[in-house]
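# Overview (structure and organization)
Here is how the chains run, residue by residue.
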Amino acid sequence: MESSGSFPAVRVATTDDLDGVVATLTSAFFDDPLWGPAFPDLTHREAQASALWRLFAGSALRYPFTYLTENTESVAVWIPPGGIDLTENESLGFESFLVDLVGEEAAKGIMVISAQFEEVRPTEPHFYLSLLATHRDHRGRGLGMGLLRENLERIDALGGAAHLESSNPVNDARYRSVGFERQGEFTVASGHIITTMWRSAR
């Protein structure tokens, strides 16, 4: 299914899009106030972060809810109601994967953050916005929010609620503008505050 609107053009991602999806996620989150510091080795941050996003984005492709703008400028990775970010086998190997990728200390930090995210997931059925990103070369064009609005129209048509965690406070007002409401917050070890947001079914 493709978007029928004039802007942005939206399509469902396939496995052929994975490299482009990973490139966009890596670019978008390189200096993110949460995910940037999770990879403290600046020399290797891009490669390490890319490997992490490849794991999560690749796993999410087993669901038909990863959406792209036409040329992968923006990406939205959704997990459907009842779904999980990683498969059971991927989850079992996740800690070892991280240790091999970033070392024990940084791996422990990412594991703690991941556990905090899991703890705040609502129990009510919902679509979970795991990742929303726009490549740095295409920021300022409204692509990310255009993609999100289009996705929410699809979710509304399915009668679904939506949940996200905002890792960057500059985005909170944007999420409120499309119907998300602040539910709470939690603080990671660095002192950074994450805001949890919920959008009821329409």
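One can find the structure itself at the top, above this paragraph.
Here we come to the overall build of the chain. Of the regular secondary structure elements, the chain holds 7 helices and 7 strands. The helix and strand sequence of the chain, counted from the amino end, reads β-α-α-β-β-α-α-α-β-α-β-α-β-β. Taking 17 Å as the expected radius of gyration for a compact globule of 202 residues, we find that the chain reaches 16 Å, a close match to that expectation. Referenced to the eigenvectors of the C-alpha coordinate spread, the extents of the chain come out at roughly 45 × 35 × 35 Å.

Our next topic: the environment of N89. Tracing the sequence through the fold places N89 in helix 3 (residues 88-92). We classify N89 as exposed; its relative accessible area is 64%. Separated by 111 residues in the primary sequence, N89 and S200 have C-alpha atoms spaced 32 Å apart.

Contact geometry for helix 2 (residues 45-60) and helix 4 (residues 94-102): axes closest at 10 Å, N-to-C directions at 160 degrees. Judged by the inter-axis angle, helix 2 sits roughly antiparallel to helix 4. For helix 2 against helix 4, the interelement crossing comes out right-handed. Listed contacts from helix 4 to Q48, A51, L52, L55 and F56 of helix 2 are F94, F97, L98, L101 and V102.

Before going further, it helps to spend a moment on helix 1 (residues 18-29). When the terminal C-alpha atoms of helix 1 are compared, their 16 Å separation across 12 residues agrees well with the 16 Å that a helix rising 1.5 Å per residue should span. Within helix 1, 9 of the 12 residues are buried, which leaves the element mostly enclosed by the surrounding structure. What helix 1 keeps buried is the set L18, V21, V22, T24, L25, T26, S27, A28 and F29. Where the residues of helix 1 are buried, they touch helix 2, strand 2 (66-69), strand 3 (74-79) and strand 4 (127-134).

Further remarks concern the packing of aromatic side chains. Inspection of every chain in the model, using the stated rule, returns 8 aromatic pairs. For the ring pair F29 and W53, a centre distance of 5.3 Å and an interplane angle of 40 degrees mean the geometry is tilted. Remark: W53 occurs in helix 2 and F29 occurs in helix 1; sequence separation between them is 24 residues. In this structure, F29 and W53 share a single accessibility class: buried.

This part takes up the sheet that holds strand 6 (residues 181-187). Overall, mixed pairing links the 7 strands, which are arranged 1-2-3-4-5-7-6 in an open sheet. Only two strands of the sheet have a single partner each, and these edge strands are strand 1 (10-12) and strand 6. On average, each strand axis in the sheet is inclined to that of its neighbour by 25 degrees, with strand direction left out of account. Pairing geometry for strand 5 (residues 162-166) and strand 7 (residues 193-199), over 5 bridges, is antiparallel. From the neighbouring strand, E165 faces strand 7, where its bridge partner is T196. Against the sheet, helix 1 touches strand 2, strand 3 and strand 4, its axis set at about 75 degrees to strand 4. Seen against the sheet, helix 6 (residues 143-157) touches strand 1, strand 2, strand 3, strand 4, strand 5 and strand 7 and runs at an angle of roughly 30 degrees to strand 3.

Calculation notes
Residues numbered from 1 in each chain as written. Predicted model: local features only at pLDDT ≥ 70, side-chain atom pairs only at ≥ 80, totals over all residues. Heavy atoms only, no water. Helix = DSSP H or I, 4+ residues; strand = E, 2+ residues; numbered from the N terminus. Rg over C-alpha atoms; globule rule 2.2 N^0.38 Å. Buried < 20%, exposed > 50% of the residue type's maximum accessible area, 1.4 Å probe, protein only. Axes fitted to C-alpha atoms, helices over the stretch in contact; angles between N-to-C directions. Parallel < 35°, antiparallel > 145°, perpendicular 65-115°, else oblique. Left-handed = near helix turned anticlockwise from the far one by under 90°. Contact = heavy atoms within 4.5 Å. Expected span 1.5 Å × (residues − 1). Phe/Tyr/Trp six-rings, centres within 6.5 Å; stacked < 30°, edge-to-face > 60°. Pairing = 2+ DSSP bridges.

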